[in-house]
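# Chain and residue survey
Read off the chains here:
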Amino acid sequence: MNNNSLSIQFLGAAGTVTGSKHLLKTPNGNYLVDCGLFQGLKALRIKNWEALPIEIGKLKAVFLTHAHLDHCGALPLLYVGGYRGKIYCSAPTRDLTEIILRDSAKIQEEDAAIANKKGFSKHKPAVPLYTEEQVKKVLELFEVVEPKKLIQVDQNIAVTYYPNGHILGSCYVVVEALGQKILFSGDVGRPVSPILNAPTPIVPADYVVMESTYGDRVHPTASVLDQLADVIVETIQQKGNVLIPSFAVGRAQELMHLVNELKKQNRIPDVPMYLDTPMGANATGILRKYPSWHKLTVDECNSMFDKVSIVSRFEETLEVIDTPGSKIVVAASGMLTGGRVLYYLEKYMENRKNTILLTGFQSEGTRGRALQNGATELKMHGSFYPVRAQVRTLGAMSGHADQSEMIQWLGQMSEPPKKLFLVHGENISRDAFRVKIEATLGWNVEMPDQLTESSLI
(Lines give C-alpha, C1' and ligand atoms only; values in the text may rest on other atoms or scores of the structure.)
Protein backbone atom coordinates (compact mmCIF):
# COMPACT_ATOMS: atom_id res chain seq x y z
CA MET A 1 0.00 0.00 0.00
CA ASN A 2 1.47 3.35 -1.01
CA ASN A 3 1.51 6.43 1.20
CA ASN A 4 -1.67 7.88 -0.31
CA SER A 5 -3.84 4.79 -0.72
CA LEU A 6 -7.08 4.32 1.19
CA SER A 7 -9.50 1.43 0.76
CA ILE A 8 -12.34 -0.39 2.45
CA GLN A 9 -12.89 -4.14 2.60
CA PHE A 10 -16.23 -5.69 3.50
CA LEU A 11 -15.64 -8.72 5.74
CA GLY A 12 -19.28 -9.22 6.71
CA ALA A 13 -22.83 -7.97 6.19
CA ALA A 14 -22.26 -7.90 2.43
CA GLY A 15 -25.37 -9.45 0.90
CA THR A 16 -26.66 -10.47 4.33
CA VAL A 17 -27.82 -8.69 7.49
CA THR A 18 -25.35 -10.30 9.88
CA GLY A 19 -21.65 -10.38 10.69
CA SER A 20 -20.96 -6.66 10.26
CA LYS A 21 -17.23 -6.06 9.81
CA HIS A 22 -15.87 -3.23 7.65
CA LEU A 23 -12.09 -2.86 7.40
CA LEU A 24 -10.67 0.57 6.55
CA LYS A 25 -7.13 0.19 5.20
CA THR A 26 -4.63 3.08 5.40
CA PRO A 27 -0.85 3.30 4.80
CA ASN A 28 -0.22 3.48 8.56
CA GLY A 29 -2.53 0.67 9.66
CA ASN A 30 -6.09 -0.61 9.50
CA TYR A 31 -9.29 0.23 11.38
CA LEU A 32 -12.27 -2.05 11.89
CA VAL A 33 -15.85 -0.78 12.12
CA ASP A 34 -17.92 -3.35 14.04
CA CYS A 35 -17.04 -7.00 14.61
CA GLY A 36 -20.25 -8.99 14.67
CA LEU A 37 -21.25 -12.64 14.59
CA PHE A 38 -22.90 -14.25 11.59
CA GLN A 39 -26.38 -15.59 12.34
CA GLY A 40 -29.09 -17.44 10.42
CA LEU A 41 -28.11 -19.71 7.52
CA LYS A 42 -25.67 -22.49 8.40
CA ALA A 43 -23.41 -21.37 5.54
CA LEU A 44 -23.08 -18.05 7.37
CA ARG A 45 -22.87 -19.41 10.93
CA ILE A 46 -19.91 -21.65 10.12
CA LYS A 47 -17.95 -18.52 9.21
CA ASN A 48 -17.86 -17.73 12.93
CA TRP A 49 -15.58 -20.75 13.38
CA GLU A 50 -13.16 -19.66 10.66
CA ALA A 51 -10.14 -17.50 11.44
CA LEU A 52 -11.03 -13.80 11.20
CA PRO A 53 -9.81 -12.48 7.80
CA ILE A 54 -7.92 -9.66 9.52
CA GLU A 55 -4.19 -9.03 9.91
CA ILE A 56 -4.25 -8.43 13.65
CA GLY A 57 -0.76 -6.91 13.59
CA LYS A 58 -1.96 -4.11 11.28
CA LEU A 59 -5.18 -3.40 13.20
CA LYS A 60 -4.89 -0.09 15.05
CA ALA A 61 -8.38 0.42 16.49
CA VAL A 62 -11.98 -0.80 16.41
CA PHE A 63 -14.99 1.52 16.13
CA LEU A 64 -18.18 -0.09 17.47
CA THR A 65 -21.50 1.41 16.35
CA HIS A 66 -23.81 -0.42 18.78
CA ALA A 67 -24.28 -3.42 21.03
CA HIS A 68 -26.29 -5.92 18.97
CA LEU A 69 -24.68 -9.35 18.55
CA ASP A 70 -24.39 -9.05 14.76
CA HIS A 71 -22.21 -5.97 15.31
CA CYS A 72 -20.27 -6.77 18.52
CA GLY A 73 -20.53 -10.55 18.96
CA ALA A 74 -17.15 -11.49 17.43
CA LEU A 75 -15.07 -9.06 19.50
CA PRO A 76 -13.87 -11.83 21.85
CA LEU A 77 -12.56 -13.71 18.79
CA LEU A 78 -10.56 -10.61 17.92
CA TYR A 79 -8.99 -10.77 21.40
CA VAL A 80 -8.29 -14.50 21.03
CA GLY A 81 -6.53 -13.66 17.75
CA GLY A 82 -4.14 -11.35 19.60
CA TYR A 83 -5.72 -7.88 19.32
CA ARG A 84 -4.90 -5.61 22.27
CA GLY A 85 -5.76 -2.15 20.88
CA LYS A 86 -8.68 0.09 21.80
CA ILE A 87 -12.36 -0.50 21.02
CA TYR A 88 -14.14 2.87 20.80
CA CYS A 89 -17.87 3.24 21.52
CA SER A 90 -20.46 5.29 23.42
CA ALA A 91 -20.98 4.78 27.17
CA PRO A 92 -24.35 2.95 26.86
CA THR A 93 -22.88 0.74 24.11
CA ARG A 94 -20.00 -0.23 26.36
CA ASP A 95 -22.37 -1.27 29.18
CA LEU A 96 -24.81 -3.07 26.89
CA THR A 97 -22.02 -4.87 25.04
CA GLU A 98 -20.79 -6.29 28.32
CA ILE A 99 -24.25 -7.70 29.04
CA ILE A 100 -24.64 -9.12 25.54
CA LEU A 101 -21.19 -10.68 25.28
CA ARG A 102 -21.35 -12.24 28.75
CA ASP A 103 -24.77 -13.68 27.91
CA SER A 104 -23.56 -14.90 24.51
CA ALA A 105 -20.62 -16.73 26.10
CA LYS A 106 -22.82 -18.20 28.82
CA ILE A 107 -25.37 -19.51 26.30
CA GLN A 108 -22.60 -21.03 24.18
CA GLU A 109 -21.05 -22.73 27.19
CA GLU A 110 -24.46 -24.03 28.34
CA ASP A 111 -25.42 -25.23 24.85
CA ALA A 112 -22.10 -27.03 24.46
CA ALA A 113 -22.58 -28.74 27.84
CA ILE A 114 -26.14 -29.85 26.92
CA ALA A 115 -25.00 -31.08 23.50
CA ASN A 116 -22.24 -33.14 25.11
CA LYS A 117 -24.62 -34.52 27.73
CA LYS A 118 -27.31 -35.50 25.22
CA GLY A 119 -24.92 -36.36 22.40
CA PHE A 120 -26.73 -34.49 19.59
CA SER A 121 -23.71 -32.51 18.37
CA LYS A 122 -21.61 -33.71 15.44
CA HIS A 123 -18.55 -32.37 17.27
CA LYS A 124 -16.90 -34.53 19.94
CA PRO A 125 -16.74 -32.70 22.22
CA ALA A 126 -18.87 -29.66 21.44
CA VAL A 127 -17.07 -26.47 22.50
CA PRO A 128 -18.21 -22.84 22.87
CA LEU A 129 -17.13 -20.26 20.30
CA TYR A 130 -15.67 -18.26 23.18
CA THR A 131 -15.83 -18.21 26.98
CA GLU A 132 -16.92 -15.78 29.68
CA GLU A 133 -13.26 -15.40 30.67
CA GLN A 134 -12.36 -14.26 27.14
CA VAL A 135 -15.25 -11.78 27.22
CA LYS A 136 -13.89 -10.36 30.47
CA LYS A 137 -10.51 -9.78 28.80
CA VAL A 138 -11.86 -8.03 25.70
CA LEU A 139 -13.98 -5.67 27.81
CA GLU A 140 -10.75 -4.22 29.24
CA LEU A 141 -9.99 -2.79 25.78
CA PHE A 142 -13.06 -0.54 25.59
CA GLU A 143 -12.66 3.24 25.37
CA VAL A 144 -15.78 5.36 25.88
CA VAL A 145 -16.27 8.42 23.66
CA GLU A 146 -18.61 11.40 23.93
CA PRO A 147 -21.10 11.85 21.08
CA LYS A 148 -20.47 14.63 18.53
CA LYS A 149 -16.91 15.12 19.79
CA LEU A 150 -13.96 14.67 17.42
CA ILE A 151 -11.57 12.01 18.75
CA GLN A 152 -8.02 12.03 17.40
CA VAL A 153 -7.23 8.31 17.29
CA ASP A 154 -3.87 8.45 15.50
CA GLN A 155 -1.87 11.13 13.72
CA ASN A 156 -3.87 10.72 10.49
CA ILE A 157 -7.13 9.26 11.83
CA ALA A 158 -10.01 10.94 13.70
CA VAL A 159 -13.51 9.72 14.45
CA THR A 160 -16.81 11.28 15.54
CA TYR A 161 -19.85 9.43 16.90
CA TYR A 162 -23.42 10.65 16.24
CA PRO A 163 -26.46 9.04 17.96
CA ASN A 164 -28.66 7.29 15.39
CA GLY A 165 -31.67 6.07 17.39
CA HIS A 166 -31.49 2.31 16.71
CA ILE A 167 -30.94 1.12 20.29
CA LEU A 168 -29.67 2.83 23.42
CA GLY A 169 -26.18 4.20 22.70
CA SER A 170 -26.18 3.36 18.99
CA CYS A 171 -24.34 5.76 16.68
CA TYR A 172 -23.29 6.32 13.15
CA VAL A 173 -19.56 6.91 12.86
CA VAL A 174 -17.59 9.34 10.68
CA VAL A 175 -13.93 8.41 10.19
CA GLU A 176 -11.57 11.06 8.83
CA ALA A 177 -8.55 9.61 7.04
CA LEU A 178 -6.14 11.11 4.50
CA GLY A 179 -8.43 14.05 3.86
CA GLN A 180 -11.49 11.84 3.26
CA LYS A 181 -14.58 11.44 5.44
CA ILE A 182 -16.12 7.96 5.50
CA LEU A 183 -19.52 7.66 7.18
CA PHE A 184 -20.61 4.27 8.55
CA SER A 185 -24.34 4.33 9.27
CA GLY A 186 -24.47 1.36 11.65
CA ASP A 187 -28.16 0.45 11.98
CA VAL A 188 -30.31 3.57 11.56
CA GLY A 189 -33.29 3.98 13.87
CA ARG A 190 -36.72 5.38 13.11
CA PRO A 191 -37.63 9.08 13.26
CA VAL A 192 -40.40 8.33 15.78
CA SER A 193 -39.89 5.74 18.55
CA PRO A 194 -41.77 5.08 21.82
CA ILE A 195 -38.47 5.19 23.71
CA LEU A 196 -35.53 6.52 21.69
CA ASN A 197 -34.60 9.92 20.36
CA ALA A 198 -34.66 10.43 16.59
CA PRO A 199 -31.42 9.80 14.66
CA THR A 200 -29.04 12.73 14.42
CA PRO A 201 -29.31 14.32 10.94
CA ILE A 202 -26.68 12.96 8.59
CA VAL A 203 -23.51 15.04 8.21
CA PRO A 204 -21.50 15.57 5.00
CA ALA A 205 -19.12 12.78 3.96
CA ASP A 206 -17.09 11.72 0.93
CA TYR A 207 -18.22 8.08 1.22
CA VAL A 208 -21.17 6.43 2.96
CA VAL A 209 -21.44 2.81 4.10
CA MET A 210 -25.20 2.37 4.55
CA GLU A 211 -27.36 -0.39 5.99
CA SER A 212 -30.30 -1.70 3.92
CA THR A 213 -32.19 -4.09 6.23
CA TYR A 214 -35.60 -2.76 5.18
CA GLY A 215 -34.48 -1.33 1.87
CA ASP A 216 -37.36 -2.91 -0.03
CA ARG A 217 -40.31 -2.06 2.20
CA VAL A 218 -42.18 0.55 4.20
CA HIS A 219 -43.34 -0.21 7.73
CA PRO A 220 -47.10 -0.32 8.41
CA THR A 221 -48.54 2.95 9.66
CA ALA A 222 -50.84 1.18 12.13
CA SER A 223 -50.37 1.99 15.80
CA VAL A 224 -48.01 -0.43 17.55
CA LEU A 225 -50.14 -0.13 20.70
CA ASP A 226 -53.29 -1.04 18.76
CA GLN A 227 -51.65 -4.03 17.08
CA LEU A 228 -50.17 -5.32 20.34
CA ALA A 229 -53.45 -4.87 22.20
CA ASP A 230 -55.39 -6.79 19.54
CA VAL A 231 -53.02 -9.78 19.67
CA ILE A 232 -52.98 -9.94 23.48
CA VAL A 233 -56.76 -9.58 23.90
CA GLU A 234 -57.54 -12.12 21.18
CA THR A 235 -55.14 -14.71 22.63
CA ILE A 236 -56.27 -14.30 26.22
CA GLN A 237 -59.94 -14.53 25.22
CA GLN A 238 -59.23 -18.03 23.95
CA LYS A 239 -57.30 -18.78 27.17
CA GLY A 240 -53.91 -18.93 25.47
CA ASN A 241 -50.43 -17.61 26.14
CA VAL A 242 -48.61 -14.87 24.23
CA LEU A 243 -44.96 -15.75 23.63
CA ILE A 244 -42.85 -12.86 22.32
CA PRO A 245 -39.33 -13.80 21.19
CA SER A 246 -37.37 -10.62 21.72
CA PHE A 247 -33.96 -9.05 21.41
CA ALA A 248 -32.93 -8.51 25.01
CA VAL A 249 -31.49 -5.08 24.32
CA GLY A 250 -33.85 -2.47 22.93
CA ARG A 251 -36.87 -4.55 21.97
CA ALA A 252 -37.48 -6.09 25.42
CA GLN A 253 -37.52 -2.67 27.08
CA GLU A 254 -39.87 -1.28 24.43
CA LEU A 255 -42.26 -4.22 24.92
CA MET A 256 -42.25 -3.77 28.70
CA HIS A 257 -43.08 -0.08 28.24
CA LEU A 258 -45.88 -0.77 25.74
CA VAL A 259 -47.53 -3.54 27.79
CA ASN A 260 -47.32 -1.34 30.87
CA GLU A 261 -49.05 1.48 28.96
CA LEU A 262 -51.79 -0.88 27.72
CA LYS A 263 -52.44 -2.08 31.27
CA LYS A 264 -52.55 1.50 32.58
CA GLN A 265 -55.13 2.30 29.90
CA ASN A 266 -57.11 -0.86 30.77
CA ARG A 267 -56.89 -1.98 27.15
CA ILE A 268 -55.66 -5.48 27.96
CA PRO A 269 -56.44 -7.88 30.84
CA ASP A 270 -54.13 -7.73 33.82
CA VAL A 271 -52.54 -11.14 33.19
CA PRO A 272 -49.06 -12.04 34.49
CA MET A 273 -46.10 -10.87 32.40
CA TYR A 274 -42.70 -12.55 32.56
CA LEU A 275 -39.38 -11.26 31.29
CA ASP A 276 -37.23 -14.35 30.81
CA THR A 277 -34.00 -12.67 29.89
CA PRO A 278 -31.88 -11.48 32.82
CA MET A 279 -29.86 -9.66 30.17
CA GLY A 280 -33.00 -7.72 29.26
CA ALA A 281 -33.59 -6.80 32.88
CA ASN A 282 -30.01 -5.56 33.21
CA ALA A 283 -30.37 -3.54 30.01
CA THR A 284 -33.42 -1.83 31.50
CA GLY A 285 -31.23 -0.69 34.39
CA ILE A 286 -28.86 0.87 31.85
CA LEU A 287 -31.83 2.76 30.40
CA ARG A 288 -32.18 4.44 33.81
CA LYS A 289 -28.45 5.19 33.89
CA TYR A 290 -28.41 7.20 30.63
CA PRO A 291 -31.51 9.44 30.53
CA SER A 292 -30.09 11.76 27.86
CA TRP A 293 -30.06 8.88 25.36
CA HIS A 294 -33.85 8.32 25.42
CA LYS A 295 -37.10 10.14 26.09
CA LEU A 296 -38.65 8.20 28.99
CA THR A 297 -39.07 9.89 32.34
CA VAL A 298 -37.64 8.39 35.53
CA ASP A 299 -41.16 7.35 36.55
CA GLU A 300 -41.75 5.66 33.19
CA CYS A 301 -38.48 3.75 33.49
CA ASN A 302 -39.35 2.60 37.00
CA SER A 303 -42.95 1.68 36.17
CA MET A 304 -41.80 -0.60 33.35
CA PHE A 305 -41.16 -3.19 36.05
CA ASP A 306 -44.67 -2.89 37.52
CA LYS A 307 -46.27 -6.32 37.46
CA VAL A 308 -43.40 -7.82 35.46
CA SER A 309 -41.76 -10.93 36.93
CA ILE A 310 -38.07 -11.32 36.09
CA VAL A 311 -37.05 -14.92 35.46
CA SER A 312 -33.41 -15.46 36.41
CA ARG A 313 -32.72 -19.18 36.85
CA PHE A 314 -33.40 -21.93 34.30
CA GLU A 315 -35.43 -23.81 36.92
CA GLU A 316 -37.76 -20.80 37.06
CA THR A 317 -38.19 -20.97 33.29
CA LEU A 318 -39.54 -24.50 33.58
CA GLU A 319 -41.87 -23.40 36.40
CA VAL A 320 -43.28 -20.52 34.32
CA ILE A 321 -43.85 -22.82 31.34
CA ASP A 322 -45.98 -25.12 33.49
CA THR A 323 -47.84 -22.35 35.36
CA PRO A 324 -51.55 -22.62 34.46
CA GLY A 325 -53.52 -19.66 33.10
CA SER A 326 -52.85 -17.11 30.38
CA LYS A 327 -49.66 -15.10 30.50
CA ILE A 328 -47.40 -12.87 28.42
CA VAL A 329 -43.81 -14.09 28.12
CA VAL A 330 -40.99 -12.02 26.63
CA ALA A 331 -37.89 -14.18 26.14
CA ALA A 332 -34.65 -14.00 24.17
CA SER A 333 -33.57 -14.57 21.47
CA GLY A 334 -35.48 -12.41 19.02
CA MET A 335 -34.93 -14.66 15.97
CA LEU A 336 -35.29 -17.93 17.93
CA THR A 337 -31.66 -18.84 17.28
CA GLY A 338 -31.13 -20.14 20.82
CA GLY A 339 -31.65 -19.38 24.49
CA ARG A 340 -34.54 -20.08 26.86
CA VAL A 341 -37.25 -18.99 24.42
CA LEU A 342 -36.83 -22.38 22.71
CA TYR A 343 -38.08 -24.19 25.83
CA TYR A 344 -41.26 -22.08 25.79
CA LEU A 345 -41.58 -22.68 22.08
CA GLU A 346 -41.35 -26.46 22.48
CA LYS A 347 -44.33 -26.38 24.85
CA TYR A 348 -46.47 -23.48 23.57
CA MET A 349 -46.08 -24.01 19.83
CA GLU A 350 -48.18 -27.17 19.83
CA ASN A 351 -51.32 -25.46 21.22
CA ARG A 352 -53.63 -23.61 18.80
CA LYS A 353 -54.78 -21.26 21.57
CA ASN A 354 -51.31 -19.75 21.95
CA THR A 355 -49.75 -16.96 19.88
CA ILE A 356 -46.11 -16.60 18.87
CA LEU A 357 -45.65 -12.86 18.27
CA LEU A 358 -42.61 -11.88 16.18
CA THR A 359 -41.56 -8.26 16.64
CA GLY A 360 -38.29 -7.74 14.77
CA PHE A 361 -36.39 -8.59 11.61
CA GLN A 362 -36.00 -12.35 11.08
CA SER A 363 -32.83 -13.29 9.21
CA GLU A 364 -32.70 -15.95 6.51
CA GLY A 365 -32.14 -19.39 7.99
CA THR A 366 -33.47 -18.60 11.49
CA ARG A 367 -36.42 -20.31 13.15
CA GLY A 368 -38.12 -16.91 13.28
CA ARG A 369 -37.97 -16.59 9.48
CA ALA A 370 -39.22 -20.18 9.15
CA LEU A 371 -42.26 -19.34 11.31
CA GLN A 372 -42.92 -16.17 9.29
CA ASN A 373 -42.83 -18.28 6.13
CA GLY A 374 -45.44 -20.72 7.46
CA ALA A 375 -43.27 -23.62 8.66
CA THR A 376 -45.31 -26.56 9.97
CA GLU A 377 -42.53 -27.85 12.22
CA LEU A 378 -39.31 -26.61 13.81
CA LYS A 379 -36.19 -28.42 14.94
CA MET A 380 -35.00 -27.63 18.46
CA HIS A 381 -32.52 -29.41 20.71
CA GLY A 382 -32.20 -32.28 18.22
CA SER A 383 -35.94 -32.97 17.81
CA PHE A 384 -38.78 -31.75 15.57
CA TYR A 385 -41.88 -30.04 17.01
CA PRO A 386 -45.15 -29.27 15.17
CA VAL A 387 -46.32 -25.67 14.74
CA ARG A 388 -49.98 -25.33 15.71
CA ALA A 389 -49.99 -21.99 17.55
CA GLN A 390 -50.96 -18.75 15.81
CA VAL A 391 -47.91 -16.93 14.40
CA ARG A 392 -48.26 -13.18 14.12
CA THR A 393 -45.83 -10.40 13.20
CA LEU A 394 -45.97 -6.96 14.77
CA GLY A 395 -45.01 -5.18 11.57
CA ALA A 396 -45.25 -1.65 12.94
CA MET A 397 -42.62 -2.39 15.60
CA SER A 398 -39.10 -2.11 14.25
CA GLY A 399 -35.85 -0.56 15.40
CA HIS A 400 -34.74 -0.12 11.78
CA ALA A 401 -35.73 2.77 9.54
CA ASP A 402 -37.67 1.63 6.47
CA GLN A 403 -36.98 2.55 2.85
CA SER A 404 -38.69 5.93 2.90
CA GLU A 405 -37.22 6.84 6.30
CA MET A 406 -33.71 5.95 5.16
CA ILE A 407 -34.13 7.95 1.94
CA GLN A 408 -35.32 10.91 4.02
CA TRP A 409 -32.29 10.58 6.32
CA LEU A 410 -29.80 10.31 3.44
CA GLY A 411 -31.48 13.21 1.65
CA GLN A 412 -30.44 15.57 4.44
CA MET A 413 -26.84 15.42 3.20
CA SER A 414 -25.96 18.79 1.70
CA GLU A 415 -23.77 17.37 -1.10
CA PRO A 416 -23.89 13.88 -2.65
CA PRO A 417 -21.07 11.56 -1.55
CA LYS A 418 -18.64 10.25 -4.15
CA LYS A 419 -20.08 6.80 -3.57
CA LEU A 420 -22.51 5.00 -1.29
CA PHE A 421 -21.87 1.35 -0.38
CA LEU A 422 -24.97 -0.67 0.52
CA VAL A 423 -24.42 -3.32 3.20
CA HIS A 424 -26.33 -5.13 5.96
CA GLY A 425 -29.27 -6.27 3.83
CA GLU A 426 -30.35 -9.35 1.93
CA ASN A 427 -29.71 -8.94 -1.79
CA ILE A 428 -33.36 -8.43 -2.81
CA SER A 429 -33.76 -5.68 -0.22
CA ARG A 430 -30.39 -4.16 -1.03
CA ASP A 431 -31.01 -4.02 -4.77
CA ALA A 432 -34.45 -2.45 -4.32
CA PHE A 433 -32.88 0.22 -2.12
CA ARG A 434 -30.12 0.82 -4.69
CA VAL A 435 -32.74 1.46 -7.38
CA LYS A 436 -34.63 3.84 -5.07
CA ILE A 437 -31.51 5.82 -4.11
CA GLU A 438 -30.38 6.16 -7.72
CA ALA A 439 -33.85 7.27 -8.85
CA THR A 440 -34.57 9.59 -5.92
CA LEU A 441 -31.17 11.05 -5.02
CA GLY A 442 -29.14 10.35 -8.16
CA TRP A 443 -26.20 8.99 -6.12
CA ASN A 444 -23.48 6.56 -7.21
CA VAL A 445 -24.31 3.29 -5.42
CA GLU A 446 -22.26 0.10 -5.10
CA MET A 447 -23.33 -3.26 -3.63
CA PRO A 448 -20.13 -4.97 -2.42
CA ASP A 449 -19.83 -8.74 -2.10
CA GLN A 450 -18.23 -10.57 0.80
CA LEU A 451 -14.48 -9.73 0.96
CA THR A 452 -14.80 -7.08 -1.79
CA GLU A 453 -12.19 -4.32 -1.44
CA SER A 454 -12.87 -0.86 -2.89
CA SER A 455 -10.38 1.96 -3.32
CA LEU A 456 -11.36 5.34 -1.82
CA ILE A 457 -8.40 7.30 -3.21
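Residues numbered from 1 in each chain as written. Predicted model: local features only at pLDDT ≥ 70, side-chain atom pairs only at ≥ 80, totals over all residues. Heavy atoms only, no water.

### Side note on the nonpolar core
Formally: As used here, the term nonpolar core means buried Ala, Val, Leu, Ile, Met, Phe, Trp, Tyr and Cys residues forming a set that is joined through side-chain atoms within 4.5 Å. For every residue, the accessible area (1.4 Å probe, protein chains only) is compared with the maximum for its type, and the residue is labelled buried under 20%, exposed over 50%, or partly exposed between those bounds.
Counting residues in hydrophobic clusters, the biggest one holds 102 residues, and the most contacted among them are Leu 24, Phe 63, Leu 75, Leu 78, Tyr 83, Ile 87 and Val 153. The next biggest cluster of nonpolar side chains, apart from the first, holds 23 residues, and it includes Leu 243, Leu 336, Leu 371 and Val 387.

### As for the environment of Lys 289
What counts is decided by this rule: Working definition: helices are DSSP H or I runs of at least four residues, strands are E runs of at least two. Numbering for both runs from the N terminus.
Residue position: Lys 289 is located in helix α8 (residues 278-289). In this structure the C-alpha to C-alpha distance between Lys 289 and Pro 191, which are 98 residues apart in sequence, comes to 23 Å.

### Looking at the pairing of strand β9 (residues 171-177)
The criterion, for reference: Any two strands with at least two DSSP bridges between them are considered paired.
Counting buried residues along β9, 6 of its 7 residues qualify, which places the element largely inside the surrounding structure. Direction of pairing for strand β8 (residues 157-163) relative to β9: antiparallel, over a ladder of 7 bridges. Bridge pairing links Tyr 161 to Val 173 in β9. As paired strands, β9 and strand β10 (residues 180-184) are joined by 5 bridges and run antiparallel to one another. What sits directly across from Ala 177, in β10, is Gln 180.

### With respect to the layout of surface pockets
Where empty space is left in the structure can be found by rolling a water-sized probe over the atoms. Going by this rule: Definitions used for this entry: grid spacing 1 Å over protein atoms alone; cavity, a set of points where a 1.4 Å probe fits but cannot get out; pocket, an open set with protein on both sides within 12 Å along at least 5 of 7 lines; lining residue, one with an atom within 4 Å of a point. Grid points are joined across faces, edges and corners, and a volume is the space filled by probe spheres set on the points. All amino acids are sorted into three groups, where Ala, Val, Leu, Ile, Met, Phe, Trp, Tyr, Cys and Pro are nonpolar, Asp, Glu, Lys and Arg are charged, and the leftover types, Gly among them, are polar.
Roughly 310 Å³ of volume is contained in the second largest pocket. In this structure, the second largest pocket is lined by 22 residues; those nearest its centre are Tyr 214, Arg 217, Phe 361, Gln 362 and Gln 372. Elements with a minimum of two residues in the lining of the second largest pocket: α12 (367-372) and α14 (427-440). Residues belonging to the lining of the second largest pocket are distributed by class as follows: 7 nonpolar, 11 polar and 4 charged.

### Some details on empty space enclosed by the protein
All chains considered together, the criterion is met by 1 cavity of 30 Å³ or more. His 22, His 71, Ser 185, Gly 186 and Val 423 are, among the 14 residues lining the largest cavity, the residues nearest its centre. For the lining of the largest cavity, a count of residues per class yields 5 nonpolar, 6 polar and 3 charged.

### Focus on the pairing of strand β15 (residues 328-331)
Of the two faces of β15, the one carrying Ile 328 and Val 330 and the one carrying Val 329 and Ala 331 are both buried. Examined bridge by bridge, strand β12 (residues 242-245) and β15 share 4 bridges and lie parallel to one another. Bridge assignment links Ile 244 to a residue of β15, and that residue is Val 330.

### Considerations on the side chain of Thr 97
Put simply, the test is: By the convention used here, residues are in contact when the closest approach between their heavy atoms is within 4.5 Å.
Structurally, Thr 97 is set in helix α4 (residues 91-118). When residues no more than four places from it in sequence are discounted, the contact partners of Thr 97 are Leu 64, Ala 67, Cys 72, Leu 75 and Phe 142.

### Quick word on helix α7 (residues 251-264)
Put simply, the rule reads: Every helix has an expected span of 1.5 Å times one less than the residues it contains.
When the terminal C-alpha atoms of α7 are compared, their 20 Å separation across 14 residues agrees well with the 20 Å that a helix rising 1.5 Å per residue should span. The buried fraction of α7 is high, at 13 of 14 residues. Downstream of α7 by one or two residues, Asn 266 has phi in the positive range, about 55 degrees.

### Notes on unusual backbone geometry
Following Ala 332, the chain continues to Ser 333 via a peptide bond in cis, the omega torsion being 20 degrees. When you line up the elements, Ser 333 lands in the loop between β15 and α11 (341-348). A positive phi angle, near 60 degrees, is found at Lys 239, a position not held by glycine. Within the secondary structure layout, Lys 239 lies in the loop between α6 (224-237) and β12. At Leu 451, a position not held by glycine, the phi torsion is positive, near 75 degrees. Turning to its location among the elements, Leu 451 is positioned in the loop between β21 (445-446) and β22 (453-455). Judged by relative accessible area, Leu 451 falls into the partly exposed class, the value being 45%.

### Description of the sheet that holds strand β7 (residues 151-154)
We count it as follows: For every element, the axis is a line fit to its C-alpha atoms; helices are fit only across the contacting stretch, and the angle between N-to-C directions ranges from 0 to 180 degrees.
The mixed open sheet is built from 7 strands, whose spatial order is β7-β8-β9-β10-β11-β20-β21. The open sheet has two edge strands with one neighbour each: β7 and β21. Sitting on the sheet, helix α13 (residues 403-410) is in contact with β9, β10, β11 (207-211) and β20 (419-423), with an inclination near 160 degrees to β11. On top of the sheet, α14 reaches β11, β20 and β21; it is set at about 155 degrees to β20, its chief contact.

### Digging into the packing of aromatic side chains
For any pair of aromatic rings, geometry is given as the distance between the ring centres together with the angle between the planes. Keep this limit in mind: Pairing of aromatic side chains here covers Phe, Tyr and the six-membered ring of Trp, requires ring centres within 6.5 Å, and sorts the geometry by plane angle: under 30 degrees stacked, over 60 edge-to-face, intermediate tilted.
According to the stated counting rule, one finds 9 aromatic pairs in the structure shown. Their ring planes at 45 degrees and their centres at 5.3 Å tell us that Phe 10 and Phe 421 sit as a pair that is tilted. On the criterion of sequence distance, the pair formed by Phe 10 in strand β1 (residues 7-10) and Phe 421 in strand β20 is long-range, its members being 411 residues apart. Overall, Phe 421 belongs to the buried group, its relative accessible area being 1%. Aromatic side chains Phe 63 and Tyr 88 sit 5.8 Å apart centroid to centroid with 45 degrees between the ring planes, which places their arrangement in the tilted category. Here the residue Phe 63 occupies a position in strand β4 (residues 59-63), and Tyr 88 occupies one in strand β5 (residues 86-89), the gap between them amounting to 25 residues. Each member of the pair Phe 63 and Tyr 88 is classed as buried.

### What to know about the pattern of salt bridges
Selection criterion: Counted as salt bridges are all cases of a side-chain nitrogen of Lys or Arg within 4 Å of a carboxyl oxygen of Asp or Glu.
One pass over the full model with this rule turns up 21 salt bridges. The closest approach of N and O atoms between Lys 25 and Glu 453, which form a salt bridge, is 3.1 Å. Note that Lys 25 is positioned in strand β2 (residues 22-26) and Glu 453 in strand β22, a separation of 428 residues in sequence. Linked by salt bridges that have partners in common, Arg 94, Glu 98 and Arg 102 make up one network.

### Focus on the side chain of Gln 108
To keep it simple, the criterion reads: The definition of a polar contact used here is a pair of N or O atoms within 3.5 Å, where within protein one atom must be able to donate a hydrogen and the other to accept one, and adjacent residues in sequence count solely through side-chain atom pairs.
Mapped onto the secondary structure, Gln 108 falls in helix α4. Looking at Gln 108, the relative accessible area reads 16%, which means it is buried. Among the polar contacts made by the side chain of Gln 108, one reaches the main-chain amide nitrogen of Leu 129 at a distance of 2.8 Å. Within the local environment of Gln 108, its side chain forms a polar contact with the backbone nitrogen of Tyr 130, the two atoms lying 3.4 Å apart. The contact partners of Gln 108, leaving out residues within four places of it in the chain, are Pro 128, Leu 129 and Tyr 130.

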